[in-house]
Amino acid sequence: MTDDDLPIIDAHHHFWKLGSGHHPWLEGAHDIPFRYGDYSAIQRDYLVDDFRRDHGRHTVVKSVHMEAEWDPADPVGETRWLHELHDRTGWPHAVIGQAWFARDDIAEVLAGHAAFPLVRSIRQKPAAAPSPAAFVAGAPGSMADPAFRRGYALMATHGLHYDLQTPWWHLGEAADLARDFPDTLIILNHTGLPSDRSPEGIAGWREGMERFAAEPNTAVKISGIGVPGKPWTPELQGEVVRETLRIFGPGRCMAASNFPVDGLCASYDEIFTGLKAITAGMAEADRRAFFHDNALRIYRPV
């Protein structure tokens, strides 16, 4: 099998159609602080034809749609729209919905998502400190907040996974959450956000990843590792990718594009050609698991 033929399930990407007010952060002058800086280039429609065009020579056979900060007043609205899109186009093949665990209506929101056949997981970005030095244990809105945990406890009722986006200095709290709720799989997004590539930053990231990975009900998506101002190359990203594969093992890691967001720092081809180059020495079965089989097992795309 050639690299071009290697089947890929893109485990994390977004679609959006702007103009209806559903994505406040993308529509109008609603700029937010963003880790890649200026994001005006993605303030445009991004739909199935755009996504498939970006695939280029890579054999992307299925995809998992990540909630895209749809208006939280109607979190199930995005799931409904995605199912309509799937009915028209066949894409996406699995859906991760938005929910906010401390909301009074969290039970209804989770039940609403779970009623749709493509929903596999839920994402809420918990409150996070801006740096390791600013971390405060049990902060309001964090994974240790009792209000967060009351809503989170309902996930197992529906057999839903939890997609977690948080910086690595919160992975101790994530490990505690995984241990306290062993029936819910936690899938770490964007590789724990290793933005600080200094030796000290990488050491702290590695320690957090190892603590989180020690819990058996955890997995990780290798995505979102662009560094502003630097090209996405195997030389830049190799340590992070290889260390993540070592820490979690090839059976708990998934490849993902985070497109179109990561299009701010790399092309789709640069990301997947880079990931293929970094993993070229892996056993064929492990490599196929990383690019395809793990996402197939975890997200069960149709």
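Residues numbered from 1 in each chain as written. Predicted model: local features only at pLDDT ≥ 70, side-chain atom pairs only at ≥ 80, totals over all residues. Heavy atoms only, no water.

### With respect to the environment of Leu296
Moving on, step 1. Position of Leu296 relative to the elements: it lies in helix α10 (residues 284-299).
Moving on, step 2. Its relative accessible area of 37% is what places Leu296 among the partly exposed residues.
Moving on, step 3. Between the alpha carbons of Leu296 and Ser63 there is a distance of 9.6 Å; along the sequence they are 233 residues apart.
Moving on, step 4. Look past the residues within four positions of Leu296 in its chain and what remains in contact with it is Ile9 and Pro301. (Helix = DSSP H or I, 4+ residues; strand = E, 2+ residues; numbered from the N terminus. Buried < 20%, exposed > 50% of the residue type's maximum accessible area, 1.4 Å probe, protein only. Contact = heavy atoms within 4.5 Å.)

### Digging into the pattern of salt bridges
Here the idea is simple: oppositely charged side chains can pair when their charged atoms come close.
Moving on, step 1. Evaluated as defined, the whole model comprises 18 salt bridges.
Moving on, step 2. Arg53 is the partner of Asp50 in a salt bridge, and the nearest nitrogen-oxygen pair spans 3.3 Å. With Asp50 and Arg53 both in helix α1 (residues 48-55) and three residues apart, this pair spans about one turn of that helix.
Moving on, step 3. Accessibility expressed as a relative area gives 58% for Arg53, which makes it exposed.
Moving on, step 4. For Arg57, the salt bridge goes to Asp269, with nearest N and O atoms at 3.2 Å. Of this pair, Arg57 sits in the loop between α1 and β2 (59-66) while Asp269 sits in helix α9 (residues 268-278); the two residues are 212 residues apart in sequence, bridging distant segments of the chain.
Moving on, step 5. With relative accessibility at 32%, the residue Asp269 sits in the partly exposed group. (Salt bridge = Lys/Arg side-chain N within 4 Å of Asp/Glu carboxyl O.)

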